[in-house]
Amino acid sequence: MTELPARRLLLVHAHPDDESINNGATMARYAAEGVHVTLVTCTLGERGEVIPAGLRHLTGPALGAHRRGELAEAVRALGVGDARLLGGAGRYGDSGMMGIADNDDPGCFWQADVDQAAGHLADVILDVRPQVLVTYDDQGGYGHPDHIQAHRVAMRAVDLAAERGHRIDKVYWNRVPRTVVEAAFARLEDELPVLPFDKSASMDDVPGVVDDERVTTAVDGAAHAAAKAAAMRAHATQIDVAEPYFALSNELAQPLFTTEYYELVRGTAEPGESDLFAGLDLEGTS
(Lines give C-alpha, C1' and ligand atoms only; values in the text may rest on other atoms or scores of the structure.)
Protein backbone atom coordinates (compact mmCIF):
# COMPACT_ATOMS: atom_id res chain seq x y z
CA MET A 1 0.00 0.00 0.00
CA THR A 2 1.38 3.42 -0.96
CA GLU A 3 2.29 5.62 1.97
CA LEU A 4 0.20 8.79 1.95
CA PRO A 5 0.67 12.07 3.84
CA ALA A 6 -0.87 12.23 7.32
CA ARG A 7 -3.58 14.67 6.22
CA ARG A 8 -5.88 13.68 3.36
CA LEU A 9 -8.71 15.73 1.89
CA LEU A 10 -11.35 14.58 -0.63
CA LEU A 11 -13.58 16.97 -2.57
CA VAL A 12 -16.59 15.83 -4.62
CA HIS A 13 -17.80 18.09 -7.41
CA ALA A 14 -20.33 17.87 -10.22
CA HIS A 15 -18.53 19.44 -13.20
CA PRO A 16 -15.12 20.75 -14.21
CA ASP A 17 -14.88 24.36 -12.90
CA ASP A 18 -16.90 23.79 -9.72
CA GLU A 19 -13.76 22.87 -7.80
CA SER A 20 -11.96 26.08 -8.70
CA ILE A 21 -14.89 28.40 -8.01
CA ASN A 22 -15.90 26.81 -4.70
CA ASN A 23 -12.66 25.50 -3.24
CA GLY A 24 -9.74 26.68 -5.36
CA ALA A 25 -8.01 28.61 -2.58
CA THR A 26 -8.60 25.80 -0.08
CA MET A 27 -7.22 23.17 -2.44
CA ALA A 28 -4.15 25.26 -3.29
CA ARG A 29 -3.46 26.01 0.38
CA TYR A 30 -3.65 22.42 1.50
CA ALA A 31 -1.71 21.10 -1.48
CA ALA A 32 1.05 23.61 -0.68
CA GLU A 33 1.05 22.39 2.93
CA GLY A 34 1.67 18.81 1.80
CA VAL A 35 -1.87 17.51 2.29
CA HIS A 36 -2.93 14.77 -0.11
CA VAL A 37 -5.80 16.49 -1.95
CA THR A 38 -8.06 14.29 -4.06
CA LEU A 39 -10.70 15.73 -6.39
CA VAL A 40 -13.51 13.57 -7.75
CA THR A 41 -15.53 15.14 -10.57
CA CYS A 42 -18.80 13.42 -11.40
CA THR A 43 -19.36 14.55 -15.02
CA LEU A 44 -17.44 16.26 -17.81
CA GLY A 45 -19.99 19.07 -18.18
CA GLU A 46 -20.95 18.14 -21.73
CA ARG A 47 -24.05 20.35 -21.60
CA GLY A 48 -22.38 23.48 -20.26
CA GLU A 49 -22.88 26.83 -21.99
CA VAL A 50 -19.71 28.03 -23.70
CA ILE A 51 -18.64 31.65 -23.24
CA PRO A 52 -15.95 32.33 -25.93
CA ALA A 53 -17.39 32.66 -29.43
CA GLY A 54 -14.42 30.79 -30.85
CA LEU A 55 -15.25 27.70 -28.80
CA ARG A 56 -19.02 27.60 -29.22
CA HIS A 57 -18.73 24.89 -31.85
CA LEU A 58 -17.92 22.52 -28.98
CA THR A 59 -20.93 20.54 -27.84
CA GLY A 60 -21.66 17.15 -26.32
CA PRO A 61 -18.70 14.74 -26.14
CA ALA A 62 -16.37 17.24 -27.85
CA LEU A 63 -17.12 19.81 -25.17
CA GLY A 64 -16.67 17.17 -22.48
CA ALA A 65 -13.26 16.24 -23.84
CA HIS A 66 -12.25 19.90 -23.98
CA ARG A 67 -13.43 20.53 -20.43
CA ARG A 68 -11.48 17.51 -19.24
CA GLY A 69 -8.38 19.26 -20.54
CA GLU A 70 -9.41 22.45 -18.77
CA LEU A 71 -9.81 20.49 -15.56
CA ALA A 72 -6.33 19.03 -15.88
CA GLU A 73 -4.88 22.52 -16.36
CA ALA A 74 -6.84 23.87 -13.39
CA VAL A 75 -5.68 21.21 -10.94
CA ARG A 76 -2.09 21.77 -12.06
CA ALA A 77 -2.51 25.45 -11.23
CA LEU A 78 -3.78 24.46 -7.78
CA GLY A 79 -0.91 22.04 -7.20
CA VAL A 80 -3.25 19.06 -6.94
CA GLY A 81 -1.95 15.77 -8.30
CA ASP A 82 -4.89 13.44 -7.68
CA ALA A 83 -7.92 14.24 -9.83
CA ARG A 84 -10.35 11.49 -10.77
CA LEU A 85 -13.60 11.12 -12.70
CA LEU A 86 -16.36 9.23 -10.93
CA GLY A 87 -16.56 5.71 -12.35
CA GLY A 88 -14.07 6.65 -15.10
CA ALA A 89 -14.23 9.19 -17.91
CA GLY A 90 -17.67 9.49 -19.45
CA ARG A 91 -19.36 7.13 -16.98
CA TYR A 92 -21.93 9.78 -16.05
CA GLY A 93 -23.14 12.50 -18.41
CA ASP A 94 -24.03 16.10 -17.61
CA SER A 95 -27.74 16.41 -16.81
CA GLY A 96 -28.27 20.03 -17.88
CA MET A 97 -30.14 22.57 -15.80
CA MET A 98 -33.08 21.50 -13.67
CA GLY A 99 -36.41 20.99 -15.41
CA ILE A 100 -35.27 20.39 -19.00
CA ALA A 101 -35.58 17.28 -21.15
CA ASP A 102 -31.89 16.49 -20.73
CA ASN A 103 -32.65 15.47 -17.13
CA ASP A 104 -34.43 12.39 -18.53
CA ASP A 105 -31.41 11.05 -20.44
CA PRO A 106 -30.76 7.60 -18.93
CA GLY A 107 -27.01 8.20 -19.22
CA CYS A 108 -27.01 11.46 -17.27
CA PHE A 109 -25.84 11.73 -13.68
CA TRP A 110 -29.28 12.78 -12.43
CA GLN A 111 -30.63 9.38 -13.53
CA ALA A 112 -27.76 7.42 -11.99
CA ASP A 113 -28.43 4.80 -9.34
CA VAL A 114 -27.20 6.51 -6.17
CA ASP A 115 -25.91 3.35 -4.51
CA GLN A 116 -23.99 2.32 -7.61
CA ALA A 117 -22.44 5.76 -8.07
CA ALA A 118 -21.69 5.95 -4.34
CA GLY A 119 -19.98 2.58 -4.63
CA HIS A 120 -17.55 4.07 -7.16
CA LEU A 121 -16.85 6.94 -4.78
CA ALA A 122 -16.47 4.59 -1.81
CA ASP A 123 -13.75 2.81 -3.79
CA VAL A 124 -11.87 6.13 -3.97
CA ILE A 125 -12.41 6.73 -0.26
CA LEU A 126 -10.98 3.32 0.59
CA ASP A 127 -8.01 3.95 -1.70
CA VAL A 128 -7.17 7.40 -0.32
CA ARG A 129 -8.56 7.09 3.23
CA PRO A 130 -9.31 10.80 3.69
CA GLN A 131 -10.11 12.22 7.09
CA VAL A 132 -12.10 15.11 5.57
CA LEU A 133 -14.64 15.25 2.74
CA VAL A 134 -16.10 18.40 1.15
CA THR A 135 -19.19 18.52 -1.06
CA TYR A 136 -22.47 20.44 -1.57
CA ASP A 137 -25.56 20.67 0.61
CA ASP A 138 -28.77 18.81 -0.23
CA GLN A 139 -29.79 21.56 -2.67
CA GLY A 140 -26.49 21.33 -4.49
CA GLY A 141 -25.74 24.92 -3.54
CA TYR A 142 -28.11 26.37 -6.12
CA GLY A 143 -30.38 23.59 -7.36
CA HIS A 144 -28.50 22.11 -10.30
CA PRO A 145 -29.45 18.42 -10.61
CA ASP A 146 -25.84 17.26 -10.91
CA HIS A 147 -24.90 19.18 -7.77
CA ILE A 148 -27.82 17.69 -5.86
CA GLN A 149 -26.86 14.22 -7.09
CA ALA A 150 -23.21 14.80 -6.15
CA HIS A 151 -24.40 15.59 -2.62
CA ARG A 152 -26.49 12.41 -2.47
CA VAL A 153 -23.69 10.26 -3.83
CA ALA A 154 -21.06 11.78 -1.54
CA MET A 155 -23.12 11.37 1.60
CA ARG A 156 -24.06 7.81 0.72
CA ALA A 157 -20.43 6.98 -0.10
CA VAL A 158 -19.38 8.16 3.36
CA ASP A 159 -21.72 5.57 4.87
CA LEU A 160 -20.68 2.82 2.45
CA ALA A 161 -17.00 3.44 3.12
CA ALA A 162 -17.62 3.26 6.87
CA GLU A 163 -19.33 -0.10 6.38
CA ARG A 164 -16.27 -1.23 4.42
CA GLY A 165 -13.75 -0.15 7.03
CA HIS A 166 -12.91 3.56 6.68
CA ARG A 167 -14.72 6.24 8.65
CA ILE A 168 -14.35 9.84 7.50
CA ASP A 169 -13.92 12.07 10.55
CA LYS A 170 -15.34 15.32 9.18
CA VAL A 171 -17.80 16.09 6.37
CA TYR A 172 -18.26 19.69 5.24
CA TRP A 173 -20.67 21.41 2.88
CA ASN A 174 -19.63 24.44 0.84
CA ARG A 175 -21.09 27.63 2.29
CA VAL A 176 -20.82 31.43 2.08
CA PRO A 177 -22.01 33.61 4.97
CA ARG A 178 -24.77 36.00 3.95
CA THR A 179 -23.03 39.04 5.44
CA VAL A 180 -19.86 38.23 3.48
CA VAL A 181 -21.82 38.09 0.23
CA GLU A 182 -23.66 41.32 0.97
CA ALA A 183 -20.42 43.13 1.81
CA ALA A 184 -18.70 41.79 -1.29
CA PHE A 185 -21.48 42.98 -3.57
CA ALA A 186 -21.49 46.37 -1.86
CA ARG A 187 -17.79 46.71 -2.70
CA LEU A 188 -18.45 45.54 -6.22
CA GLU A 189 -21.19 48.16 -6.62
CA ASP A 190 -18.85 50.85 -5.32
CA GLU A 191 -15.99 49.82 -7.59
CA LEU A 192 -18.19 49.28 -10.66
CA PRO A 193 -20.69 52.14 -10.36
CA VAL A 194 -22.17 51.36 -13.77
CA LEU A 195 -23.32 47.87 -12.89
CA PRO A 196 -23.11 45.39 -15.79
CA PHE A 197 -25.49 43.05 -13.99
CA ASP A 198 -28.65 42.69 -11.95
CA LYS A 199 -27.33 42.88 -8.38
CA SER A 200 -30.10 40.83 -6.78
CA ALA A 201 -29.87 38.15 -9.48
CA SER A 202 -26.10 38.01 -9.09
CA MET A 203 -26.36 37.51 -5.33
CA ASP A 204 -28.86 34.72 -5.88
CA ASP A 205 -26.37 33.08 -8.23
CA VAL A 206 -23.74 32.64 -5.49
CA PRO A 207 -24.06 29.00 -4.38
CA GLY A 208 -24.31 27.98 -0.76
CA VAL A 209 -25.28 31.32 0.79
CA VAL A 210 -26.59 30.81 4.33
CA ASP A 211 -27.09 32.82 7.51
CA ASP A 212 -23.77 33.36 9.24
CA GLU A 213 -24.47 31.07 12.18
CA ARG A 214 -24.58 28.06 9.87
CA VAL A 215 -20.93 28.55 8.93
CA THR A 216 -18.50 26.67 11.16
CA THR A 217 -15.22 27.08 9.31
CA ALA A 218 -13.42 29.80 7.35
CA VAL A 219 -10.30 28.78 5.41
CA ASP A 220 -8.07 31.74 4.60
CA GLY A 221 -6.62 31.14 1.15
CA ALA A 222 -5.52 34.71 0.41
CA ALA A 223 -1.91 33.59 -0.05
CA HIS A 224 -3.15 31.35 -2.86
CA ALA A 225 -5.42 33.85 -4.62
CA ALA A 226 -3.28 33.78 -7.76
CA ALA A 227 -3.52 30.00 -7.97
CA LYS A 228 -7.30 30.11 -7.61
CA ALA A 229 -7.61 32.78 -10.31
CA ALA A 230 -5.32 30.81 -12.63
CA ALA A 231 -7.38 27.65 -12.08
CA MET A 232 -10.59 29.53 -12.83
CA ARG A 233 -9.05 31.00 -16.00
CA ALA A 234 -8.16 27.48 -17.10
CA HIS A 235 -11.90 26.82 -17.39
CA ALA A 236 -12.12 29.29 -20.26
CA THR A 237 -15.25 27.76 -21.76
CA GLN A 238 -17.16 28.47 -18.54
CA ILE A 239 -15.58 31.39 -16.66
CA ASP A 240 -14.52 34.91 -17.54
CA VAL A 241 -12.12 36.13 -14.84
CA ALA A 242 -11.28 39.79 -14.18
CA GLU A 243 -9.89 39.80 -10.64
CA PRO A 244 -11.31 40.35 -8.12
CA TYR A 245 -14.45 39.44 -10.06
CA PHE A 246 -15.61 36.77 -12.46
CA ALA A 247 -18.65 35.95 -14.53
CA LEU A 248 -20.24 32.80 -15.87
CA SER A 249 -22.22 32.46 -19.09
CA ASN A 250 -25.04 34.59 -17.67
CA GLU A 251 -22.61 37.55 -17.67
CA LEU A 252 -23.51 38.46 -14.08
CA ALA A 253 -20.46 39.67 -12.16
CA GLN A 254 -19.56 37.91 -8.92
CA PRO A 255 -16.81 38.45 -6.33
CA LEU A 256 -13.91 36.02 -6.42
CA PHE A 257 -13.60 34.83 -2.81
CA THR A 258 -10.21 33.81 -1.46
CA THR A 259 -11.47 32.97 2.01
CA GLU A 260 -13.70 29.94 1.56
CA TYR A 261 -16.39 28.89 3.99
CA TYR A 262 -17.84 25.60 5.16
CA GLU A 263 -20.48 24.06 7.39
CA LEU A 264 -19.42 20.96 9.31
CA VAL A 265 -22.28 18.43 9.12
CA ARG A 266 -20.52 15.33 10.46
CA GLY A 267 -17.85 15.40 13.11
CA THR A 268 -16.99 17.92 15.80
CA ALA A 269 -16.25 21.55 15.00
CA GLU A 270 -13.67 23.49 16.98
CA PRO A 271 -14.87 26.97 18.05
CA GLY A 272 -14.12 29.45 15.27
CA GLU A 273 -12.10 26.88 13.37
CA SER A 274 -10.01 27.94 10.39
CA ASP A 275 -8.66 24.52 9.44
CA LEU A 276 -10.68 21.65 7.99
CA PHE A 277 -8.51 19.26 10.00
CA ALA A 278 -8.98 21.12 13.29
CA GLY A 279 -9.39 18.86 16.29
CA LEU A 280 -8.18 15.68 14.58
CA ASP A 281 -5.40 13.58 16.10
CA LEU A 282 -3.49 12.47 13.04
CA GLU A 283 -0.34 11.11 14.64
CA GLY A 284 0.49 7.70 13.27
CA THR A 285 -2.23 7.73 10.60
CA SER A 286 -1.42 6.45 7.15
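The following refers to the structure shown. Model, not experiment: these values are computed from the prediction. (Residues numbered from 1 in each chain as written. Predicted model: local features only at pLDDT ≥ 70, side-chain atom pairs only at ≥ 80, totals over all residues. Heavy atoms only, no water.)

**A short note on the overall build of the protein**
For the protein, the count of helices and strands is seven helices and 11 strands. Each principal axis of the C-alpha atoms in the protein carries an extent, and together these give about 55 × 45 × 30 Å. Evaluated residue by residue, the protein yields a buried proportion of 51% over its 286 residues. With the model as given, the accessible surface of the protein reaches about 12000 Å², and the carbon-plus-sulfur share is 49%. Of the charged side chains in the protein, 24 are positive and 45 negative, and the gap between their average positions amounts to 4 Å. (Helix = DSSP H or I, 4+ residues; strand = E, 2+ residues; numbered from the N terminus. Buried < 20%, exposed > 50% of the residue type's maximum accessible area, 1.4 Å probe, protein only. Areas by Shrake-Rupley, 256 points an atom, 1.4 Å probe, with all protein chains shown as cover. Lys, Arg positive; Asp, Glu negative; His and termini not counted. Charge placed at Lys NZ, Arg CZ, Asp CG, Glu CD.)

**A short note on the sheet that holds strand β8 (residues 240–242)**
Strand order in the open sheet formed by three strands is β8-β9-β10, and the pairing between neighbours is antiparallel. Whereas interior strands pair on both sides, the edge strands pair on one side only; in this sheet they are β8 and β10 (253–255). Averaged over all adjacent pairs, the angle separating strand axes in this sheet is 30 degrees, with direction ignored. Alignment of β8 against strand β9 (residues 245–247), held across three bridges, turns out to be antiparallel. Opposite Val241, over in β9, you have Phe246 as the bridge partner. (Pairing = 2+ DSSP bridges. Axes fitted to C-alpha atoms, helices over the stretch in contact; angles between N-to-C directions.)

**Some thoughts on the packing of aromatic side chains**
Under the criterion given, the structure shown has three aromatic pairs. Ring geometry for Tyr30 and Phe277: centres 5.5 Å apart, planes at 75 degrees, overall edge-to-face. Here Tyr30 is found in helix α1 (residues 18–32), whereas its partner Phe277 is found in the segment after β11 (259–266), with 247 residues between them in sequence. The exposure classification of Tyr30 matches that of Phe277, with both residues buried. (Phe/Tyr/Trp six-rings, centres within 6.5 Å; stacked < 30°, edge-to-face > 60°.)

**Quick word on helix α5 (residues 178–191)**
With 14 residues, α5 should cover 20 Å at 1.5 Å per step; its first-to-last C-alpha distance of 20 Å lies within 8% of that length. Every buried residue of α5 is accounted for by Val181, Ala184, Phe185 and Leu188. The arc that holds every buried residue of α5, seen down its axis, measures 95 degrees, which confines them to one face. (Expected span 1.5 Å × (residues − 1). Arc of directions from axis to C-beta.)

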